[in-house]
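Results of the structural survey
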Amino acid sequence: MNGNTILAAIHGRRSIRVYRPEPVGRAVLEELLFAAVQAPTPPVSGSSPWRLCVIEGAARLAAFGVRAKEYARIHQPPGQHWEWTERPGFEVFWNAPAAVIFCARSGHPEAAFDCCRAAQTLLIAAQGMGLGSCWVGAPLPWLTSPAVADELGLPGGHEASAVVLIGYPAEQPDGQPRPRPDVQWC
Ligand SMILES: Cc1cc2nc3c(=O)[nH]c(=O)nc-3n(C[C@H](O)[C@H](O)[C@H](O)COP(=O)(O)O)c2cc1C
């Protein structure tokens, strides 16, 4: 990718919530994950602050999504109400054919940030590769419950920290690109 292509990927990326049904091949997913882990990490994080997991299959993810939404509806955080848990039409996994879960090493102060940096890198790489993506926080309450982490085989000693949906886009949202920042030149 040259510089212009990278800028086009950054500015052109929008969250995709409608996906074509075809799966994303393993080789493509592996290329994406390889790109994601090129994100910078501080020395304190060591070589692998994360474990990467992939759930494949739109139908499987859709069924998990129903459970995740219901789990979050029942387990609202104290003093807060997740309105999306009762919003008709809100889907946790948006019928994507794949979800990448970045699991952060437990008890490590930097690992969750490392996962976010890798997830953001994944979004841009996906855009550059003609794939659609959406970062989703909605499944996290469910994915971080110990019984579900066990059921899905998420790695022990790690906690799901960032989730990105991947698939071929079936929409081109206009989105709301951010205006130029108001910079203070110091
Ligand atoms: C930490 C985080 C959590 C998010 N969670 C969800 C989510 O659960 N469901 C969803 O549809 N979008 C989710 N999004 C996507 C945002 O809604 C979206 O990025 C934002 O509206 C800006 O739109 P854009 O990505 O098209 O530029 C999340 C984004 C981030 C960064």
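One structure accompanies this document, and this report is about it. (Residues numbered from 1 in each chain as written. Predicted model: local features only at pLDDT ≥ 70, side-chain atom pairs only at ≥ 80, totals over all residues. Heavy atoms only, no water.)

With that settled, consider the packing of helix H2 (residues 26-36) against helix H4 (residues 111-128). Contact pair H2 / H4: the axes reach a minimum separation of 8 Å and the direction vectors enclose 130°. The pairing of H2 with H4 is recorded here as oblique in orientation. For H2 against H4, the interelement crossing comes out right-handed. Residues Leu32, Leu33, Ala35 and Ala36 of H2 form the contact with H4, whose participating residues are Ala118, Thr121, Leu122, Ala125 and Ala126. Its residues assigned to classes, the contact of H2 with H4 shows eight nonpolar, one polar and no charged. (Axes fitted to C-alpha atoms, helices over the stretch in contact; angles between N-to-C directions. Helix = DSSP H or I, 4+ residues; strand = E, 2+ residues; numbered from the N terminus. Parallel < 35°, antiparallel > 145°, perpendicular 65-115°, else oblique. Left-handed = near helix turned anticlockwise from the far one by under 90°. Contact = heavy atoms within 4.5 Å. Nonpolar A, V, L, I, M, F, W, Y, C, P; charged D, E, K, R; others polar.)

Within the structure shown, the criterion is met by four aromatic pairs. With a centroid separation of 5.4 Å and 65° between ring planes, the pair formed by Phe90 and Trp94 is classed as edge-to-face. Grouping residues by exposure puts Phe90 and Trp94 together as buried. The structure contains a cluster of three or more aromatic residues connected by ring pairs, namely Trp82, Trp84, Phe90 and Trp94. (Phe/Tyr/Trp six-rings, centres within 6.5 Å; stacked < 30°, edge-to-face > 60°. Buried < 20%, exposed > 50% of the residue type's maximum accessible area, 1.4 Å probe, protein only.)

Turning our attention to the site of the ligand. Near the ligand, the surroundings consist of Arg13, Arg14, Ser15, Arg17, Phe90, Trp94, Cys134, Trp135, Val136, Gly137 and Ala138. One nitrogen or oxygen atom from the side chain of Ser15 is found 2.6 Å from an oxygen atom belonging to the ligand. Gly137 is positioned such that a nitrogen or oxygen atom in its backbone is 2.8 Å from a nitrogen atom of the ligand. Computed on the free molecule, the ligand has an accessible area of 620 Å², of which 61% lies beneath the protein chains in the complex. For the shell around the ligand, the residue count by class is six nonpolar, two polar and three charged. (Near = heavy atom within 4 Å. Polar contact = N/O pair within 3.5 Å; in protein donor to acceptor, adjacent residues only side chain to side chain. Areas by Shrake-Rupley, 256 points an atom, 1.4 Å probe, with all protein chains shown as cover.)

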